[in-house]
Amino acid sequence: MKKFSDFNLSKELEKAITAMGFEEATPIQAESIPIAFTGKDLIGQAQTGTGKTTAFGIPLLENVDMSNNGIQGIVIAPTRELAVQVAEELNKIGSVKGVFTLPIYGGQEISRQIRSLKKRPQIIAATPGRLIDHIRRKTIKLDNINTVVLDEADEMLNMGFIEDIEAILAEITSDSHQTLLFSATMPPRIRSLAERFMDNPEYVKVKAKEMTVKNIDQTYIEVRENQKFDVLNRLLDIQSPELAIVFGRTKKRVDELVEGLKKRGYSAEGIHGDLSQAKRDQVIRQFKEQMVDIMVATDVAARGLDISGVSHVYNFDIPQDPESYVHRIGRTGRAGKKGLAVTLVTPREVNHLKSIEQLTKKKMVKEPIPSYEDVIAGHKQEAINSLTKIVEENSYSEYKGIAETLLNDVDSIDLVAAALKLLTKEPDQTPVKLTDIAPLRSKGPRNDRGGSRGRNDRRRPGGRNDRGGRSGGDRDRNRGERSRNDRSRNDRARKSKTSK
DNA sequence: AAAAAAG
């Protein structure tokens, strides 16, 4: 086990790291920090939650020359929240040295950012679009850059930012600078980017075993689409998570879930890309401060967000992309704590679940749909917990006199039982209907024929056989016959085309 | 197909 004290850090950084309570380095930190200190370019293959930010943050901050007041370090991240988080982390580690990191991202008033830039940050943590905007306006100059970090490079590729990244890297005019690239996977496009813009990089990989999510219990529940919301409510009641993230597959879905959860009395807020940046920032803040217990999110919050105390992740919708599953559940079980991830799966999605299991190399445990009785039991347990907690806190001296008088007339067991009954929540049955069901369904013109559509969907995996059928259909058409059968075959053929 | 990011 490597410790931070083994790295020969500058006094300032050592002090900050100790103050943050860091002692032992994670594997990615242990491997990449010494290499980065030699000044070489570095590719680190590691997922989020492995301590990546500190792994690149330490060399980045050490490289800052306090006598130079230009921007010397730049971190590029795929989402705005990530840029903010990286900046916060760097400000913590760099505080003693006096290094100022400014987050730069879209959706925020640009004039305000330009004003902040006048405070001369040494490091910028940015999303690609807004960074390019500033470079064009010449409000950010790249001629003093000595360290460039590409965070979550593969995700930036997936999101179509690769051209932006190339444009930014091409703008960096300082003769010699160090480039650190971090990515969970290494697709060819990222390799070629590295070849073009990096100088003989060293390659560091955190083994798959260390990136898996060992302190997260993973379960799934098979449910019908229209049961999902009630099942989620039951789970929330039974498990009463400290902080939970609920992932939905669309922005509309997230809005509806928030509305439904609020109707049922939960403290929930949503986050997705169509909300104003001010709202997004606010939700993250409230959730971090535990003013809000449940954050409902699209995959915007799947990656990298490090919020301590997230005890539960609920996949209200199974993620389409198995990679995304790993990232989503990685929001819990952080910093050595236990986490629980529950995925709701409709019967037709069970195969998809298996493909996720292949990636994680871990079987999810199937749980039954929790019963109404389980909910009642959960509520009772919660009442007991809150009562005993108050007893432990011993903060009720003003009631003791009344209690004694009461006990003269009422049996003590009756009294405690009554108190528990009073404390036990009634399960909320407010009707909530989600309209955004939008399963993977054909967009054929005859959407009203629900029954046959379902059948076709189930057959879709055998689509290859249908192709043979279609040539038969073609022959029929040549004969000028348009039977009902023919039409449905046609639908299927169209579908197998679109599914490619 | 959806999500993310520049207005």
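Residues numbered from 1 in each chain as written. Chains lettered and ligands numbered in written order. Predicted model: local features only at pLDDT ≥ 70, side-chain atom pairs only at ≥ 80, totals over all residues. Heavy atoms only, no water.

- The name given to chain A in an unreviewed UniProt entry is DEAD-box ATP-dependent RNA helicase CshA, with Lottiidibacillus patelloidae as the source organism.
- Per UniProt, chain A carries the Sequence similarities (unreviewed entry) text "Belongs to the DEAD box helicase family. CshA subfamily."
- A UniProt comment under Function (unreviewed entry) is attached to chain A, and it reads "DEAD-box RNA helicase possibly involved in RNA degradation. Unwinds dsRNA in both 5'- and 3'-directions, has RNA-dependent ATPase activity." (UniProt positions renumbered as here; feature names shortened; annotations may be inferred.)

With respect to the nonpolar core
Part 1 of the reasoning: Phe-56 and Val-75 are the most contacted members of the largest nonpolar core, which has 32 residues in total.
Part 2 of the reasoning: Elements supplying a minimum of two residues to this core: α1 (11–19), α2 (27–37), α3 (52–62), α4 (80–93), β4 (123–126) and β6 (178–183).
Part 3 of the reasoning: Aside from chain neighbours lying at most four places away, what touches Val-75 is Phe-56, Leu-60, Val-86, Leu-90, Ile-124, Ala-125, Ala-126, Val-149 and Asp-151.
Part 4 of the reasoning: In terms of nonpolar packing, the next biggest core, distinct from the first, is built from 31 residues, Ile-104, Ile-165, Leu-169 and Ile-172 among them. (Core = buried A, V, L, I, M, F, W, Y, C linked by side-chain atoms within 4.5 Å. Buried < 20%, exposed > 50% of the residue type's maximum accessible area, 1.4 Å probe, protein only. Helix = DSSP H or I, 4+ residues; strand = E, 2+ residues; numbered from the N terminus. Contact = heavy atoms within 4.5 Å.)

A few points about the sheet that holds strand β12 (residues 312–315)
Part 1 of the reasoning: Spatially, 7 strands are ordered β10-β11-β9-β12-β13-β8-β14 in an open sheet, and the strand pairing comes out parallel. Edge positions in the sheet fall to β10 (268–271) and β14 (365–367), since each has one partner strand and no second. Mean inter-strand twist for the sheet, computed between neighbouring axes without regard to direction, equals 25 degrees.
Part 2 of the reasoning: Summarising the sheet, β10 and strand β11 (residues 294–297) pair through 4 bridges and their orientation is parallel. In the sheet register, Ile-271 faces β11, and the bridge partner there is Ala-297.
Part 3 of the reasoning: Against the sheet, helix α12 (residues 251–263) engages β9 (244–247), β10 and β11, with an angle of about 175 degrees to β10. (Pairing = 2+ DSSP bridges. Axes fitted to C-alpha atoms, helices over the stretch in contact; angles between N-to-C directions.)

Here we look at the UniProt feature "domain: DEAD-box RNA helicase Q" (unreviewed entry) in chain A
Part 1 of the reasoning: Per the UniProt entry, the sites bearing "domain: DEAD-box RNA helicase Q" (unreviewed entry) are residues 2–30 in this numbering.
Part 2 of the reasoning: Between the C-alpha atoms that bound residues 2–30 there is a distance of 6 Å. The span itself is 45% helix and 0% strand.

With respect to the environment of Ile-390
Part 1 of the reasoning: Turning to its location among the elements, Ile-390 is positioned in helix α16 (residues 372–393).
Part 2 of the reasoning: By relative accessible area, Ile-390 is classed as partly exposed at 40%.

Observations concerning the domain arrangement of chain A
Interface size is commonly expressed as the accessible surface area that is lost when the partners come together.
Part 1 of the reasoning: What the domain assignment reports for chain A is domain 1 (4–205) and domain 2 (210–372).
Part 2 of the reasoning: Between the C-alpha centres of domain 1 and domain 2 there is a distance of 29 Å.
Part 3 of the reasoning: For Glu-155, the salt bridge identified is with Arg-303, shortest N-O distance 3.0 Å.
Part 4 of the reasoning: Grouping the constituent residues of the side of domain 1 that touches domain 2 by class yields 4 nonpolar, 8 polar and 6 charged. (Domains from an automatic or database assignment. Salt bridge = Lys/Arg side-chain N within 4 Å of Asp/Glu carboxyl O. Nonpolar A, V, L, I, M, F, W, Y, C, P; charged D, E, K, R; others polar.)

As for unusual backbone geometry
Part 1 of the reasoning: Backbone geometry at Ser-240 places phi at a positive 25 degrees, although glycine is not the residue there.
Part 2 of the reasoning: Examined against the element boundaries, Ser-240 turns out to sit in the loop between α11 (228–239) and β9.
Part 3 of the reasoning: Its relative accessible area of 37% is what places Ser-240 among the partly exposed residues.
Part 4 of the reasoning: Non-glycine residue Gln-290 carries a positive phi angle of around 60 degrees.
Part 5 of the reasoning: Note on placement: Gln-290 falls in the loop between α13 (277–288) and β11.

Digging into the sheet that holds strand β3 (residues 101–104)
The strands making up a sheet associate through backbone hydrogen bonding, with each pair oriented either parallel or antiparallel.
Part 1 of the reasoning: If you trace the 7 strands from one edge of the open sheet to the other, you get β3-β4-β2-β5-β6-β1-β7, paired in parallel fashion. The two strands at the open ends of the sheet, each matched to only one other strand, are β3 and β7 (202–205). Put simply, the sheet's adjacent strands are angled 15 degrees from each other on average, direction ignored.
Part 2 of the reasoning: Where strand β2 (residues 73–76) meets β4, 4 bridges bridge the pair, whose relative direction is parallel. Residue pairing for β4: Val-75 is matched across the bridge by Ala-125.

Remarks on the pattern of salt bridges
Side-chain pairing between opposite charges can occur once the charged atoms of the two side chains come close.
Part 1 of the reasoning: All chains considered together, the criterion is met by 25 salt bridges.
Part 2 of the reasoning: Across the pair Arg-189 and Glu-166 runs a salt bridge, and its minimum N-O distance is 3.2 Å. On the criterion of sequence distance, the pair formed by Arg-189 in helix α9 (residues 188–197) and Glu-166 in helix α8 (residues 162–171) is long-range, its members being 23 residues apart.
Part 3 of the reasoning: Judged by relative accessible area, Arg-189 falls into the partly exposed class, the value being 32%.
Part 4 of the reasoning: We note a salt bridge from Lys-228 to Glu-225, for which the minimum N-O separation is 3.6 Å.
Part 5 of the reasoning: Assessed through its relative accessible area of 21%, Glu-225 is described here as partly exposed.
Part 6 of the reasoning: One continuous salt-bridge network, built from bridges that share partners, spans Lys-52, Asp-151, Glu-152, Asp-154, Glu-155 and Arg-303.

Points about the pairing of strand β13 (residues 339–345)
Part 1 of the reasoning: For β13, the tally of buried residues reaches 7 of 7 residues, placing the bulk of the element in the interior.
Part 2 of the reasoning: In this structure, strand β8 (residues 216–222) lies alongside β13, joined through 7 bridges in parallel fashion. In the sheet register, Ile-221 faces β13, and the bridge partner there is Leu-344.
Part 3 of the reasoning: As judged from the 4 bridges shared by β12 and β13, these two strands associate in the parallel manner. Across the sheet, the residue bridging to Tyr-314 is Val-342, located in β13.
Part 4 of the reasoning: At this point the chain moves from β12, through helix α14 (residues 322–329), to the parallel β13, and the crossover so formed is right-handed. (Right-handed = clockwise from strand over helix to strand, strands pointing away.)

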